[in-house]
Protein chains: 2
Amino acid sequence: MFTPQPTTTARRSPLSREEVLHAAIRLADEGGIAELTMRKLADKLGIQAMSLYHHVANKDELLDAMVDAVFREIEVVTENAPWKPAMRQRAVSARQTLLRHAWALGMMESRANPGQATLECHDAVLGCLRRAGFSVALAAHAFSVLDSYIYGFVLQELNLPFQNPDDLQRVSGSILQNLPADTYPHLMEMMTAHVSQPGYAYADEFMFGLDLILDGLEQALGVRTQPDGCVALTGSG
Amino acid sequence: MFTPQPTTTARRSPLSREEVLHAAIRLADEGGIAELTMRKLADKLGIQAMSLYHHVANKDELLDAMVDAVFREIEVVTENAPWKPAMRQRAVSARQTLLRHAWALGMMESRANPGQATLECHDAVLGCLRRAGFSVALAAHAFSVLDSYIYGFVLQELNLPFQNPDDLQRVSGSILQNLPADTYPHLMEMMTAHVSQPGYAYADEFMFGLDLILDGLEQALGVRTQPDGCVALTGSG
DNA sequence: ACCTGAACACCGTTCAAGT
DNA sequence: ACCTGAACACCGTTCAAGT
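Residues numbered from 1 in each chain as written. Chains lettered and ligands numbered in written order. Predicted model: local features only at pLDDT ≥ 70, side-chain atom pairs only at ≥ 80, totals over all residues. Heavy atoms only, no water.

A. View of the overall build of chain A. Broken down by element type, chain A carries ten helices and zero strands. In chain A, the succession of α and β elements from N to C terminus is α-α-α-α-α-α-α-α-α-α. Expressed as a percentage of the 237 residues in chain A, the buried residues total 46%. Sequence separation of 24 or more characterises 70% of the internal contacts of chain A that already satisfy a separation of 6 or more. Surface exposure of chain A reaches about 12200 Å², of which carbon and sulfur atoms provide 54%. (Helix = DSSP H or I, 4+ residues; strand = E, 2+ residues; numbered from the N terminus. Buried < 20%, exposed > 50% of the residue type's maximum accessible area, 1.4 Å probe, protein only. Contact = heavy atoms within 4.5 Å. Areas by Shrake-Rupley, 256 points an atom, 1.4 Å probe, with all protein chains shown as cover.)

In structure tokens form, the structure reads like this:
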């Protein structure tokens, strides 16, 4: 029996792996990683949960792909750019990306299969450093300390029980208000004299630590390229 | 009717909240956080899952208590110790503790209720810095950059698909072997010329970054306490 | 006070069956 | 090739009932 394709019928185009991936990311972005279940994801796509397994081997593989998609969003500018502003800008982009997808950081702990975008991002960073004169060993050091700092800072940022300065003042007040004033004196001082002051935002701490690390790397690079032992102070000081 | 207590009968002492907490930590340490379900935890304690709710409001409260117990394990030596070795030793202890409880880091992302041990740990660190002459603002900077680095480093360490140098050589080989040699040239160079060399261990990168940050903080402290603008180089260089 | 059985509303995934 | 219904072995948690 010949059954012609119903070309005129409004029909859902067959689901693609890309569609599944992006729907999963949107779901996790909006409702948190706990909201991302195969059943709810299927619901959002208008299919049954079991149909997802035609596009994705299992939930773990989906999570791997999601993490790789996050790395694709991190901008790495290395084209003939000096290493310091390039690394600085990449750090800023990485932080923004990881904040946009709050679920990603917590998932990296358990992922072991780096995707293509992840490898490309790493390669670009290493290339920038090597071209700037970093030895292989120093490039490894630099990569480690920069990524550690970025990941850890975002982890703390996401852990904060507030998102804006108004929240902060309210929350820090309620935490310490119920305690005797001398239980945590230094924490109390930090809250009252600094953190709860107008204009304070934890996000601003990011640049202090980032520049401290970049300056330290610059010094280490200078020591290496000038083996007379004289530290070259190339900063603004 | 009078029913006497069966004093002679071998009877389980009533379960305490502490017992539940430690069993939960052991379960997560051994099998990963996914293994920690209320049902399996109850099994291990020889009771039914529902009985746990007499000692813990819900799973979320249990997770909060587990994170706080991890902070209790971090050693903070601040008694009259100079700030630099004290902060160095605390960073080492924090890293070891977080490696011992690999589940803890991923959970901090979603916890918002700091416990007593957490607050005590933070207070001790701030006290050490303040006594050493750090301004409130610089102490906040120092705290942020140090904790960010520690957390981020451990996050990367846990993310590595190997635990010892032997694994490393095998894994790094299999990742890059299947690729054309020029797809990720700098990653390839890093693997072949550095990471896969005998004696390399990612764990050793920890001290480079830690000392880089501590030296940077020392410099920032010196600049502040000597307002003549002359940087005091108190390091070994 | 502490523990429990049964139940509810969920999970990820398999498998045989449909078109 | 793609989707599905039914089922399996799990979840966290509630609630009424036991001692």
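So, next bit.
B. Up close: the packing of helix H6 (residues 116–131) of chain B against helix H7 (residues 136–159) of chain B. Residues and elements named next belong to chain B. At a minimum axis separation of 10 Å, H6 and H7 run at an interaxial angle of 130°. Accordingly, the angle class assigned to the pair H6 and H7 is oblique. For the pair H6 and H7, the sense of crossing is right-handed. Mapping the contact onto sequence places His122, Val125, Leu126, Leu129 and Arg130 in H6 and Val136, Ala139, Ala142 and Phe143 in H7. A class-by-class count of the residues in the contact of H6 with H7 yields seven nonpolar, one polar and one charged. (Axes fitted to C-alpha atoms, helices over the stretch in contact; angles between N-to-C directions. Parallel < 35°, antiparallel > 145°, perpendicular 65-115°, else oblique. Left-handed = near helix turned anticlockwise from the far one by under 90°. Nonpolar A, V, L, I, M, F, W, Y, C, P; charged D, E, K, R; others polar.)

C. Highlighting the relation of the copies chain A and chain B. The operation relating chain A to chain B is a screw motion whose rotation component is 180°, with 0.0 Å of axial translation and a residual RMSD of 0.0 Å. What we have between these two chains is a two-fold relation. Proximity to the rotation axis, assessed at the C-alpha, singles out A:Gly152 in chain A; its C-alpha lies 1.9 Å from the axis. Both copies present the same face, since 100% of the interface residues in chain A are matched by interface residues at the equivalent positions in chain B. (Least-squares fit on C-alpha atoms with pLDDT ≥ 70 in both.)

D. Broad picture of the side chain of B:Arg95. Residue and element names in this part refer to chain B. Tracing the backbone through its elements, the reader meets Arg95 in helix H4 (residues 83–100). For Arg95, a relative accessible area of 14% puts it in the buried group. Not counting residues within four places of it along the chain, the set of residues in contact with Arg95 comprises Ile150, Phe153, Val154, Glu157, Ala203 and Phe206.

E. Here's a closer look at the UniProt feature "domain: HTH tetR-type" (unreviewed entry) in chain A. Mapped onto the present numbering, the UniProt feature "domain: HTH tetR-type" (unreviewed entry) falls at residues 14–74 of chain A. Along residues 14–74 of chain A, the helical share is 62% and the strand share 0%, with 30 Å between the first and last C-alpha atoms. (UniProt positions renumbered as here; feature names shortened; annotations may be inferred.)

F. A look at the protein's contact with DNA strand D. Inspection of the region around DNA strand D gives 17 residues, with A:Gln48, A:His54, B:Arg39, B:Lys40 and B:Tyr53 positioned closest. Considering the 4 Å shell around the protein, atoms of DNA strand D inside it are sugar or phosphate in 47% of instances. Side-chain polar atom of A:Ser51 to a phosphate oxygen of DNA strand D: 2.9 Å apart, as the coordinates give it. Measuring from a phosphate oxygen of DNA strand D, one finds a side-chain N or O atom of B:Thr37 at 3.5 Å. Among the elements that take part in the surface near DNA strand D, helix H2 (residues 38–45) of chain B stands out by supplying three residues, more than any other. Residues that form the surface near DNA strand D fall into these classes: seven nonpolar, six polar and four charged. (Near = heavy atom within 4 Å. Polar contact = N/O pair within 3.5 Å; in protein donor to acceptor, adjacent residues only side chain to side chain.)

G. Focus on helix H4 (residues 83–100) of chain A. Here H4(A) is 18 residues long and its end C-alpha atoms lie 25 Å apart, about the 26 Å a rise of 1.5 Å per residue gives. Restricting attention to buried positions, one finds in H4(A) the residues A:Trp83, A:Ala86, A:Met87, A:Arg90, A:Ala91, A:Ser93, A:Ala94, A:Arg95, A:Thr97 and A:Leu98. (Expected span 1.5 Å × (residues − 1).)

H. Here's a closer look at the pattern of salt bridges. Scanning all chains against the criterion turns up 24 salt bridges over all chains. A salt bridge links A:Glu30 to A:Lys44; the shortest N-O distance between them is 3.2 Å. On the criterion of sequence distance, the pair formed by A:Glu30 in helix H1 (residues 17–31) and A:Lys44 in helix H2 (residues 38–45) is long-range, its members being 14 residues apart. Here A:Lys44 falls in the partly exposed class, since its relative accessible area comes to 45%. Across the pair B:Glu35 and B:Lys40 runs a salt bridge whose closest N-O atoms are separated by 3.6 Å. For B:Glu35, a relative accessible area of 32% translates into the label partly exposed. Here the salt bridges share partners, and the residues they tie into one network are A:Arg26, A:Glu30 and A:Lys44. (Salt bridge = Lys/Arg side-chain N within 4 Å of Asp/Glu carboxyl O.)

I. Structural context of the packing of H1(A) against H2(A). Residues and elements named next belong to chain A. Closest axis-to-axis distance for the H1/H2 pair is 10 Å, and the angle between their directions is 115°. Taken together, the axes of H1 and H2 lie roughly perpendicular to each other. At the point where H1 passes H2, the crossing takes the right-handed sense. Of the residues in H2, those in contact with Glu19, Val20, Ala23, Ala24, Leu27 and Glu30 of H1 are Lys40, Leu41, Lys44 and Leu45. Of the residues contributing to the contact of H1 with H2, the split by class is six nonpolar, no polar and four charged.

J. Spotlight on the interface of chain A and chain B. Taken together, the 55 residues of chain A in the interface contact 55 residues of chain B. Surface buried jointly by chain A and chain B totals about 4900 Å² across both partners, of which 68% is contributed by carbon and sulfur atoms. Of all residues in chain A, A:Glu109, A:Leu155 and A:Tyr184 bury the most surface against chain B, accounting for 13% of the area lost on that side. One can count two salt bridges joining chain A with chain B. When the shortest N-O distance is used, the salt bridge between B:Glu189 and A:Arg130 registers 2.7 Å. Counting residues per element, the ones that place at least two in the side of chain A that touches chain B are helix H5 (102–108), helix H6 (116–131), helix H7 (136–159), helix H9 (185–195) and helix H10 (205–225) of chain A. Ranked by residue count, the leading element in the side of chain A that touches chain B is H7(A), at 18 residues. Considering only residue class, the side of chain A that touches chain B consists of 30 nonpolar, 16 polar and nine charged. (Buried area = accessible area lost by both parts, 1.4 Å probe.)

K. Just the protein's contact with DNA strand C, in detail. The environment of DNA strand C is made up of 17 residues, and the closest members are A:Arg39, A:Lys40, A:Tyr53, B:Ser51 and B:His54. Taking all atoms of DNA strand C within 4 Å of the protein, the share assigned to sugar and phosphate is 49%. Here a phosphate oxygen of DNA strand C and a side-chain polar atom of A:Thr37 are 3.5 Å apart. Separating a base nitrogen of DNA strand C from a side-chain N or O atom of B:His54 is a distance of 3.1 Å. Per element, the largest residue contribution to the surface near DNA strand C is three residues, and it comes from H2(A). Of the residues belonging to the surface near DNA strand C, the class tally is seven nonpolar, six polar and four charged.

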